[in-house]
Amino acid sequence: MSDRAVRRAGAAAAIVGAVLGIVFNIVHPRSSGVGSVIDELRLVAESRIWRFDHFMLMWSIAFTLIGLVVIGRSFDKEPAASWGRVAIPIALVGGTLGLATIFADGMAVHDMATDWVANQSDVSLASATAVSQVTLALFTALIFVFFGLTPLLYGVAVLGSDEYPKGLGYLPIASGVLGLVAGSIQFMSGISQLTASILFPISSVATTVWLLLMGWYLWKRSAVPAPSAPRGVIG
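Criteria and cut-off values
- Residues numbered from 1 in each chain as written.
- Predicted model: local features only at pLDDT ≥ 70, side-chain atom pairs only at ≥ 80, totals over all residues.
- Heavy atoms only, no water.
- pLDDT = per-residue confidence, 0-100.
- Helix = DSSP H or I, 4+ residues; strand = E, 2+ residues; numbered from the N terminus.
- Axes fitted to C-alpha atoms, helices over the stretch in contact; angles between N-to-C directions.
- Parallel < 35°, antiparallel > 145°, perpendicular 65-115°, else oblique.
- Left-handed = near helix turned anticlockwise from the far one by under 90°.
- Nonpolar A, V, L, I, M, F, W, Y, C, P; charged D, E, K, R; others polar.
- Patch = residues over 30% accessible without salt bridge, like charges linked within 9 Å, V, L, I, M, F, W, Y side chains within 5 Å.
- Areas by Shrake-Rupley, 256 points an atom, 1.4 Å probe, with all protein chains shown as cover.
- Salt bridge = Lys/Arg side-chain N within 4 Å of Asp/Glu carboxyl O.
- Buried < 20%, exposed > 50% of the residue type's maximum accessible area, 1.4 Å probe, protein only.
- Phe/Tyr/Trp six-rings, centres within 6.5 Å; stacked < 30°, edge-to-face > 60°.
- Core = buried A, V, L, I, M, F, W, Y, C linked by side-chain atoms within 4.5 Å.
- Contact = heavy atoms within 4.5 Å.

## Notes on the confidence of the model for the protein
Chain-level statistics for the protein give a pLDDT mean of 89 and a share of 92% at 70 or above. Confidence scores differ between elements of the protein, with helix α2 (residues 37-46) showing the lowest mean pLDDT of 82 and helix α3 (residues 50-73) the highest of 96.

Dropping the structure here:
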């Protein structure tokens, strides 16, 4: 497969990942009682789309990772190329945390919550609470790495490049800084309305919009092959 074909595939993956992320984050069930384990467990157990929603978010992260890797490799000139190489492994770590969070929340928490609602036992509640706390820790790490460090590094790469609009560098830097702040606050103080309902949603939406735009620009850049040198001309 040619480099142009890989870039087009990566651009398409970034667009698909962003669209899936937007759609299935919108329909993701949410409770009004942030920080209430009981409310959250009831919400999970009673939701009809919880597992399917997380299944689709899993695919969103998978496509997003492909897109981020290809975007990181799309910087041809320095210093952007070096920053792209730094950003790729951070994105892979963040994506791994994202998948772990999705699997824990979509499967383990769902099964534990369903068991507790059916049995109403203290043991079931304790088990579900423990799994929820592990999931919260993974989610906090996800915010810090995938929605903090990752967009920040890609933003620096874009600003060091003349291949993308500069606005596509400032947007992920701003969303990345916000993600780092949200992850730090949540690590120190636990989940709250500030992090869960304000800081993280703004950071994640901004990062997702940036990914969508980057995929579109990369698709345009790779849509037309570079002109070849005329015959008889040595380049």
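There is more to say after this.
## Considerations on the packing of helix α4 (residues 80-119) against helix α5 (residues 122-159)
Remark: α4 packs on α5, axes separated minimally by 7 Å, with the N-to-C direction vectors making an angle of 160°. One way to sum up the angle between α4 and α5 is to call them roughly antiparallel. Along this stretch, α4 crosses α5, giving a crossing that reads as left-handed. Here the residues of the contact of α4 with α5 are counted per class, giving 30 nonpolar, 11 polar and two charged.

## Concerning a nonpolar patch on the surface
Taken together, the side chains of V19, I22, V23, I26, V27 and I49 define a hydrophobic patch exposed on the protein surface, amounting to about 460 Å² of accessible area. Within the element layout of this structure, V27 appears in the loop between α1 (3-26) and α2. Classification of V27 by relative accessible area gives partly exposed; the value is 39%.

## Observations regarding unusual backbone geometry
Along the chain, E78 connects to P79 via a cis peptide bond; the corresponding omega equals 5°. By secondary structure assignment, the location of P79 is in the loop between α3 and α4.

## What to know about the packing of aromatic side chains
This model, assessed by the stated rule, comprises nine aromatic pairs. Each ring, one from F146 and one from F147, has its centre 5.5 Å from the other, and the planes form 85°; the classification is edge-to-face. Judged by its relative accessible area of 9%, F146 falls in the buried class. The exposure class of F147 is buried, given its relative accessible area of 12%. Note on W216 and Y217: the rings are 5.1 Å apart at their centroids and 70° apart in plane angle, and the pair reads as edge-to-face.

## Quick word on the nonpolar core
In terms of nonpolar packing, the biggest core is built from 37 residues, with L68, I71, F75, Y154, W210, L211 and M214 touching the most fellow members. The element contributing the most residues to this core is α5, with nine residues. Beyond its immediate chain neighbours, meaning those up to four positions away, M214 contacts I71, F75, V158, Y164 and L168. Of all hydrophobic cores here, the second largest spans nine residues; its members include V44, W50, A113 and A128.

## Brief notes about the environment of V44
Following the sequence through the fold, V44 ends up in helix α2. Between the C-alpha atoms of V44 and A113, which are 69 residues apart in sequence, the distance is 6.5 Å. The contact partners of V44, leaving out residues within four places of it in the chain, are W50, V109, H110 and A113.

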